[in-house]
Amino acid sequence: MNSATNLMNHLEVGKVYRREALLPYTKAVDRDLKSLSKSGVLKKVAPGLYYYPKTSRYGELPPSDYDLVNTFLKDDPFLSFTWNDYNTLQLGLTQLYNKVMVYNRKRHEEVRLGNKLFDFRRPTKGFPSELSKEFLLVDLLNNLPELVDDPEETKRHIKERLSSFNLDKLKNLAKWYGKVSTRKFLDGVIGYQT
């Protein structure tokens, strides 16, 4: 059995692998990865990152964002979403964005993994373990200057829709993760609601 075949016996379809995780299964990891990539068995999604494609009746399926980021960050905690998720808040936002935001504790850079652009950020105040509409609102306010939509119009829509949010949870998330401007804005509008 050649070393590329031995390596293949340790891979699982649909998984993303780091080069160094494959070292125990071959004596010539770079040669075998190059050979398997050239033959189309593995896809190189970034330097040192490989995907063993899963196929459906429509062709190859891309790796999940979670698997890509989890492997890239080496299992560090992270929270990923897109700014398109802000549209679920029904605040009259009109723009679509083509990158995935990844809040983490390690990296601060934009990286292309596979065919997607990931914007890795290390928020100074951290991030929650799961996404909620209240956190999305806090994050939207934190990032309002970067968005294409009109900030004043967005704030007006927030004031109109504030009753659809859990205000206690919103206050707590703003306290923990909000920038000063976010906390000031929410303190002002929540004060009128309670």
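What counts and how
Residues numbered from 1 in each chain as written. Predicted model: local features only at pLDDT ≥ 70, side-chain atom pairs only at ≥ 80, totals over all residues. Heavy atoms only, no water. Axes fitted to C-alpha atoms, helices over the stretch in contact; angles between N-to-C directions. Helix = DSSP H or I, 4+ residues; strand = E, 2+ residues; numbered from the N terminus. Parallel < 35°, antiparallel > 145°, perpendicular 65-115°, else oblique. Left-handed = near helix turned anticlockwise from the far one by under 90°. Contact = heavy atoms within 4.5 Å. Nonpolar A, V, L, I, M, F, W, Y, C, P; charged D, E, K, R; others polar. Core = buried A, V, L, I, M, F, W, Y, C linked by side-chain atoms within 4.5 Å. Buried < 20%, exposed > 50% of the residue type's maximum accessible area, 1.4 Å probe, protein only. Pairing = 2+ DSSP bridges.

Peer 1: So what exactly am I meant to see when it comes to the packing of helix H4 (residues 133–143) against helix H6 (residues 167–177) here?
Peer 2: Working note: a packed helix pair is described by the angle between its axes plus the distance between those axes. Where H4 contacts H6, the two axes come as close as 9 Å, and the packing angle between them is 45 degrees. With respect to each other, H4 and H6 are oriented oblique. Like other packed secondary-structure pairs, H4 and H6 cross with a definite hand, here right-handed. Seen from H4, the contacting residues are Glu-134, Phe-135, Leu-137, Val-138 and Asn-142; seen from H6, they are Lys-169, Leu-170, Leu-173, Ala-174 and Tyr-177. Its residues placed into classes, the contact of H4 with H6 shows seven nonpolar, one polar and two charged.

Peer 1: Would you mind showing me how to read the nonpolar core here?
Peer 2: A general trend in soluble globular proteins is that nonpolar side chains are found buried together. In terms of nonpolar packing, the biggest core is built from 31 residues, with Phe-81, Leu-137, Leu-170 and Leu-186 touching the most fellow members. Secondary structure elements with two or more residues in this core: strand E6 (78–82), strand E7 (99–104), H4, H6 and helix H7 (180–193). At six residues, the largest contribution of residues to this core is made by H4. Those residues in contact with Leu-170, other than ones at most four positions away along the chain, are Glu-134, Leu-137, Val-138, Leu-162, Phe-165, Leu-186 and Ile-190. One finds Val-16, Val-69, Val-111 and Phe-120 within the second-largest nonpolar core, a separate group that totals 16 residues.

Peer 1: Whenever I open this one, the sheet that holds strand E3 (residues 49–51) confuses me. Can you help?
Peer 2: Backbone-to-backbone hydrogen bonds join strands into a sheet, with any given pair of strands oriented parallel or antiparallel. What the three strands build is an open sheet, ordered E1-E3-E2; its pairing is antiparallel. This sheet does not close on itself; its edge strands, each paired only once, are strand E1 (16–18) and strand E2 (43–46). Each strand of the sheet is rotated relative to its neighbour by a mean of 35 degrees, with strand direction disregarded. In the sheet, E1 pairs with E3 via three bridges, with the strands oriented antiparallel.

By themselves, these figures tell us nothing about what the structure is for.
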